[in-house]
Amino acid sequence: MMAQILRSHLINASLIPNRMKMGPYLGVIRTRMMSTHKSKKKMREYYRLLNLDEGCSADDVRESFRKLAKQYHPDGGSSTADSATFIRIEEAYRKVLSHVIEQTNARQSKVEETEEEEKKIKYNTPQHRHYLSFEGIGFGTPSQREKQYRQFRADRATEQVMEYQKQKLQSQYFTDSVTVKDVRHSKEQKITQAIERLVEDLIQESMAKGDFDNLSGKGKPLKKFSGCSYIDPMTHNLNRILIDNGYQPEWILMQKEIKDTIDQLREAILVSRKKLGNPMTPTEQKQWNQVCEQFQENIKKLNKRINDFNLIVPLLTRQKVHFDAQKEIARAQEIYETFIKTQEVTDKNPNNFDQGEGEKTPGVKTGFFNWMNVWQFIKI
């Protein structure tokens, strides 16, 4: 019993110094909380005195202060003038204005920090097209990546040379080794089986679809290969089968489609211009404007098709540039004007033949050469 009483006294005695140490800190915390509460309450009173809500702008604060100053300023001559009320309003104006400016600056600083973070994220993210070159090797600027890629190629070439020398030595000194023979045979067998399995699957799939039913040489033996001995006969025969059955790569078909489309559009706009008079009446001018707008829409569609073509064409030199609708319209106008001039010259100098040898007159020759120029211009 006595031991328990002594233990309780000792515990209380040890807690007293700790409480004495924490006493000042608790007082400071309590004072700060009370002061913060009082400042918030006082700020609400300032807003209420100015007839404003929290979250208003600085312009709203100034406008409210002007209205209240006209009512309560002692020198304003108003019936509600009161110096004590005006002093309170002025104090509230200063406190609220500083509070609003602080909040505005805080919001602006947050927005700027957010924008800076977005910019960092945006510009630190590598562009995927930037890494399509150099086999995805390296990092940094293009020139740095090019140096790293050159070093990588040199290291890879060195490794390949070492591997070749190793295989050469093995073939010279260990030709009868059972291990070397087994490894070589297993590699060749795996590759051959994988290729044969893939080819067989493709053939069976095509046969199930009926792709081989419409071949002209179905059921007949293939002709013997009689070309260059350096070309694989199987590859040559497959290419010949594809060509004989009208197969063409997608980019070649698309290239032909683009060429035919631009020729049709040029011919159509030239025909539309010929149908209208020269000079054009206001009604014909409206028709011509409609034709030009439709032509521009068609050119936009054609340019999108050119974008698709440039993505699949295997050679950079085969890529196409966009067509300019305004240049094409101006070109059609020039062709039409040349056509009109040639027609006028032909009408002034009709076809006449001299007696005897039946030679054409100079006027006919001039008209003929003008027509030739027009045709060459159209072909260009």
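Every residue gets a number counted from 1 within its own chain, in the order that chain's sequence is written. Per-residue local features of the predicted model are confined to residues with pLDDT of at least 70, and side-chain atom pairs are confined, for both listing and counting, to 80 or more; whole-chain, interface and lining totals are unaffected and use all residues. To obtain the side-chain values, all non-hydrogen atoms of the structure were included, while hydrogens and water were left out.

Per an unreviewed UniProt entry, the protein carries the name DnaJ homolog subfamily C member 28 and comes from Balaenoptera musculus.

Caption draft 1: The overall build of the protein, seen in detail. Starting at the N terminus, helices and strands are each numbered in turn, a helix being any DSSP run of H or I of at least four residues and a strand any DSSP run of E of at least two. Within the protein one finds 10 helices and 0 strands. Each helix (α) and strand (β) of the protein, taken in turn from the N terminus, gives the series α-α-α-α-α-α-α-α-α-α. Type-normalised accessible area, obtained with a 1.4 Å probe on protein chains alone, sets the label of each residue: buried when under 20%, exposed when over 50%, and partly exposed for intermediate values. Burial status across the protein gives 16% buried among its 380 residues. Whether two residues touch is decided by their heavy atoms; if any such pair falls within 4.5 Å, the residues are in contact. In the protein, once contacts between residues fewer than 6 apart in sequence are set aside, the share between residues at least 24 apart is 49%.

Caption draft 2: How the structure looks around the UniProt feature "coiled-coil region" (unreviewed entry) in the protein. UniProt positions are given in the numbering used here, feature names are shortened, and annotations may be inferred rather than shown by experiment. Under the present numbering, the feature "coiled-coil region" (unreviewed entry) in UniProt falls on residues 285–312. Regarding residues 285–312, the helix share stands at 100% and the strand share at 0%, and the terminal C-alpha atoms are separated by 41 Å.

Caption draft 3: Quick peek at the packing of helix α7 (residues 250–275) against helix α9 (residues 325–348). Simply put, an axis is a line fit to the C-alpha atoms, just over the touching stretch for a helix, and the angle between two N-to-C directions goes from 0 to 180 degrees. The interhelical angle for the contact between α7 and α9, taken along N-to-C directions, is 50°, at an axis separation of 10 Å. One element, α7, and the other, α9, form an angle in the oblique class. Every pair of crossing elements has a handedness; the one defined by α7 and α9 is right-handed. In contact with Arg-266, Ile-269, Leu-270, Arg-273 and Lys-274 of α7, α9 contributes Glu-328, Ile-329, Arg-331, Ala-332, Gln-333, Ile-335, Tyr-336 and Phe-339. Charged means Asp, Glu, Lys or Arg here, nonpolar means Ala, Val, Leu, Ile, Met, Phe, Trp, Tyr, Cys or Pro, and polar covers whatever is left, Gly included. Here the residues of the contact of α7 with α9 are counted per class, giving 7 nonpolar, 1 polar and 5 charged. The labels follow the angle: roughly parallel below 35 degrees, roughly antiparallel above 145, roughly perpendicular from 65 to 115, and oblique for the rest. A crossing counts as left-handed when the near helix is turned anticlockwise from the far one by less than a right angle, and as right-handed when that turn is clockwise.

Caption draft 4: Up close: the packing of aromatic side chains. Stacked, tilted and edge-to-face pairs are distinguished by plane angle, under 30 degrees for stacked and over 60 for edge-to-face with tilted covering the rest, among Phe, Tyr and Trp rings (Trp via its six-membered ring) whose centres lie within 6.5 Å. Scanning the entire structure with this criterion turns up 3 aromatic pairs. Both rings, one in Phe-65 and one in Tyr-93, keep their centres 4.2 Å apart while their planes meet at 15°; by these two values the pair is stacked. A residue pair is termed long-range when its members are at least 10 positions apart, and Phe-65 in helix α2 (residues 58–72) and Tyr-93 in helix α3 (residues 83–124) qualify at 28 residues. Neither Phe-65 nor Tyr-93 differs from the other in exposure class; each is buried. A cation over an aromatic ring shows up here: Arg-273 above the ring of Trp-288, its NZ or CZ 5.8 Å from the ring centre. Placement of a charge over a ring requires the Lys NZ or Arg CZ to be within 6 Å of the ring centre, with the centre-to-atom vector within 35 degrees of the ring normal.

Caption draft 5: Region of interest: the nonpolar core. Among the buried residues, those of types Ala, Val, Leu, Ile, Met, Phe, Trp, Tyr and Cys that are joined through side-chain atoms within 4.5 Å form a nonpolar core. In terms of nonpolar packing, the biggest core is built from 19 residues, with Tyr-47, Leu-50, Val-61, Val-96 and Val-100 touching the most fellow members. For this core, the secondary structure elements donating two or more residues are α1 (2–49), α2 and α3. Per element, the largest residue contribution to this core is 7 residues, and it comes from α3. Once residues lying within four places of it in the same chain are set aside, the contact partners of Val-100 are Tyr-47, Cys-56, Ser-57, Ala-58 and Val-61. Residues Ile-258, Trp-288, Ile-306 and Ala-325 belong to the second largest nonpolar core, which totals 18 residues.

Caption draft 6: Highlighting helix α8 (residues 282–312). Here α8 contains 31 residues, and its C-alpha end-to-end distance of 46 Å stays within 8% of the 45 Å for a straight helix at 1.5 Å per residue. Within α8 the residues assigned to the buried category are Trp-288, Cys-292, Phe-295, Ile-299, Leu-302, Asn-303, Ile-306, Phe-309 and Asn-310. The span you would expect from a helix comes to 1.5 Å times its residue count less one.

Caption draft 7: Local environment of the confidence of the model for the protein. Confidence along the protein averages 75 in pLDDT terms, with 69% of residues attaining 70 or more. Of all secondary-structure elements in the protein, the lowest mean pLDDT belongs to helix α10 (residues 362–379), at 52, while α8 reaches the highest, 92. The predictor's confidence in any single residue is recorded as pLDDT, a number from 0 to 100. Counting interchain partners and residues more than four positions distant, the pLDDT-below-50 stretch residues 352–364 has 15 contacts.

Caption draft 8: Up close: unusual backbone geometry. For Asn-51, which is not glycine, the phi dihedral falls at a positive 60°. Looking at the secondary structure, you find Asn-51 in the loop between α1 and α2.

Caption draft 9: Here's a closer look at a nonpolar patch on the surface. Residues enter a patch when their relative accessible area is above 30% and they make no salt bridge; the linking distance is 9 Å between like charges and 5 Å between nonpolar side chains (Val, Leu, Ile, Met, Phe, Trp, Tyr). Only the protein chains shown count as cover for residues, with accessible areas throughout obtained via the Shrake-Rupley method and a probe of 1.4 Å. The working definition used for a salt bridge is a side-chain nitrogen of Lys or Arg within 4 Å of a carboxyl oxygen of Asp or Glu. Where nonpolar side chains cluster on the molecular surface, the patch consists of Ile-195, Val-199, Ile-203, Met-207 and Phe-212 and spans about 420 Å² of accessible area. As for its position among the elements, Met-207 is in helix α5 (residues 178–209). For Met-207, a relative accessible area of 47% translates into the label partly exposed.

Caption draft 10: Looking closely at the pattern of salt bridges. Within the structure shown, the criterion is met by 8 salt bridges. For Glu-90, the salt bridge is made with Arg-94, and the minimal N-O distance between the two is 2.9 Å. Of this pair, Glu-90 and Arg-94 both sit in helix α3, separated by 4 residues, roughly a single helical turn. In this structure Arg-94 comes out as exposed when scored by relative accessible area, which is 56%. Between Glu-328 and Arg-266 there is a salt bridge, with the nearest N and O atoms lying 2.9 Å from each other. Placement of Glu-328 in helix α9 and of Arg-266 in helix α7 is noted, with a sequence separation of 62 residues between them.

Caption draft 11: A look at the packing of α7 against α8. Here α7 crosses α8 at 170°, and the two axes come no closer than 10 Å. When the axis of α7 is compared with that of α8, the two are roughly antiparallel. Taking contact as the criterion, the partners of Glu-250, Trp-251, Met-254, Gln-255, Glu-257, Ile-258, Thr-261, Ile-262, Leu-265, Ile-269, Ser-272 and Arg-273 in α7 are, on α8, Trp-288, Val-291, Phe-295, Asn-298, Ile-299, Leu-302, Arg-305, Ile-306, Asp-308, Phe-309 and Ile-312. Considered class by class, the residues forming the contact of α7 with α8 number 14 nonpolar, 4 polar and 5 charged.

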